[in-house]
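Working through the structure, step by step
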Amino acid sequence: MAKILVVTSGKGGVGKTTTSAAIGTGLALRGHKTVIVDFDVGLRNLDLIMGCERRVVYDFVNVVNGEATLSQALIKDKRLENLYVLAASQTRDKDALTQEGVGKVLNELKENFEYVICDSPAGIEKGASLAMYFADEAIVVTNPEVSSVRDSDRMLGLLASKSLRSVNGSDPIKEHLLLTRYNPERVSKGEMLGVDDVTDILAIKLLGVIPESQAVLKASNQGVPVILDDQSDAGQAYSDAVDRLLGKEVSHRFLEEKKKGFFERLFGGN
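Residues numbered from 1 in each chain as written. Predicted model: local features only at pLDDT ≥ 70, side-chain atom pairs only at ≥ 80, totals over all residues. Heavy atoms only, no water.

What follows deals with the overall build of the chain. Counting its regular elements, the chain contains 13 helices and eight strands. Its C-alpha atoms give the chain a radius of gyration of 18 Å, near enough to 18 Å, the size a compact globule of 270 residues would have. Along the three orthogonal principal directions, the C-alpha set of the chain runs to about 65 × 40 × 35 Å. For the chain, the proportion of its 270 residues judged to be buried stands at 53%. Expressed as a percentage of contacts within the chain between residues at least 6 apart in sequence, the contacts between residues at least 24 apart total 74%. Working note: accessible area of the chain is about 13000 Å², and carbon and sulfur atoms make up 47% of it. Charged side chains in the chain number 33 positive and 38 negative. The centres of these two groups are separated by 2 Å. (Helix = DSSP H or I, 4+ residues; strand = E, 2+ residues; numbered from the N terminus. Rg over C-alpha atoms; globule rule 2.2 N^0.38 Å. Buried < 20%, exposed > 50% of the residue type's maximum accessible area, 1.4 Å probe, protein only. Contact = heavy atoms within 4.5 Å. Areas by Shrake-Rupley, 256 points an atom, 1.4 Å probe, with all protein chains shown as cover. Lys, Arg positive; Asp, Glu negative; His and termini not counted. Charge placed at Lys NZ, Arg CZ, Asp CG, Glu CD.)

In structure tokens:
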């Protein structure tokens, strides 16, 4: 049975699109037919991170408005046979999406895909509300800072009360927590919240902790999902998160400070 999974947050710039690209790619790598849908109308970035920006002809809004079919708008990933992208419009405003139109497109996608990943814009405006409305599961992305965690707590309230599942009185959306840009050294100095602090506040199951890493920026600039960089800490952490999403028991890594070697301590290397 197909699942609709929304990647959401209250605060912007926490890594939702990076996460959507990584999780979608990770699911496809494991043999699941997956589509990633960009809900950020007017400010699309998913196509850049997926490296398909020059191949966008029709977009999500074109399909909602009946100006193009899904088959015309879906972009097949060049690296993976079973991965597709549905780009957002760069030229329309956020009111171009309607609940009825989005629901129709998502239902059609569910007929052809195992996973529909909805890359939500930040906050509580229309695009974000529509991205979460039809969700079966949600990945709430947050940074280890107080304002980001507080905004994520607000999103959890909306997921519980403003979704189709809550309207129908069916099982609630299954919620997962993804903590990004985590730096154990800064945690030990009291400069950011620790994993336990965040999980205590939000009280949802921890899906993954993504370490602060230059690999994320490098991958984004190259149009490659960071999960494909299996030599980087961030790529490995996202891979672990996908395995947990699929029900595997995987220990969390990258939570402790790396111990410096003798010469690093002697010469102050990082």
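Here the focus is the environment of Asn45. Tracing the backbone through its elements, the reader meets Asn45 in the loop between β2 (34–38) and α2 (46–49). Once the C-alpha coordinates of Asn45 and Val56 are considered, the two residues, eleven residues apart in sequence, prove to be 12 Å apart. Look past the residues within four positions of Asn45 in its chain and what remains in contact with it is Thr17 and Asp38.

For the rest of this paragraph, the subject is the state of the cysteines. Counted according to the given criterion, the structure contains zero disulfides. The cysteine Cys52 is free of any disulfide, with Cys118 supplying the nearest cysteine sulfur at 16 Å. (Disulfide = S-S within 2.5 Å.)

Here the focus is the layout of surface pockets. Taken as a whole, the largest pocket holds about 510 Å³ of empty space. The wall of the largest pocket is formed by 28 residues, among which Gly13, Gly15, Lys16, Thr18 and Arg181 lie closest to the centre. At the level of secondary structure, the elements contributing two or more residues to the lining of the largest pocket comprise α1 (16–29), α2, β7 (174–182), β8 (205–211) and α11 (214–222). The dominant element in the lining of the largest pocket, judged by the number of residues it contributes, is α11, at four residues. When the residues that make up the lining of the largest pocket are grouped by side-chain class, the tally is eleven nonpolar, eleven polar and six charged. (1 Å grid on protein atoms, 1.4 Å probe; cavity = no way out; pocket = protein on both sides within 12 Å on 5 of 7 lines; lining within 4 Å. Points joined across faces, edges and corners; volume = space filled by probe spheres on them. Nonpolar A, V, L, I, M, F, W, Y, C, P; charged D, E, K, R; others polar.)

With that settled, the discussion passes to the pattern of salt bridges. Under the criterion given, the structure shown has ten salt bridges. Between Arg186 and Glu191 there is a salt bridge whose closest N-O contact spans 3.2 Å. Overall, the relative accessible area of 32% leaves Arg186 in the partly exposed class. On the accessibility criterion, Glu191 (47% relative accessible area) is partly exposed. Ionic pairing is found between Arg253 and Asp240, a salt bridge with its closest N-O pair at 2.9 Å. Of this pair, Arg253 sits in the loop between α12 (233–245) and α13 (262–267) while Asp240 sits in helix α12; the two residues are 13 residues apart in sequence, bridging distant segments of the chain. (Salt bridge = Lys/Arg side-chain N within 4 Å of Asp/Glu carboxyl O.)

All right, on to the sheet that holds β2 then. Pairing is mixed across the open sheet formed by eight strands, whose spatial order is β3-β4-β2-β5-β1-β6-β7-β8. Looking at which strands have only one partner, the edges of the open sheet turn out to be β3 (75–76) and β8. Pairing of β2 with strand β4 (residues 83–86), which is carried by four bridges, proceeds in the parallel orientation. Residue pairing across strands places Thr34 opposite Leu83, the latter belonging to β4. Strands in contact with α12 are β1 (3–8), β6 (137–142), β7 and β8; relative to β8, the strand with the most contacts, it is inclined by about 165 degrees. (Pairing = 2+ DSSP bridges. Axes fitted to C-alpha atoms, helices over the stretch in contact; angles between N-to-C directions.)

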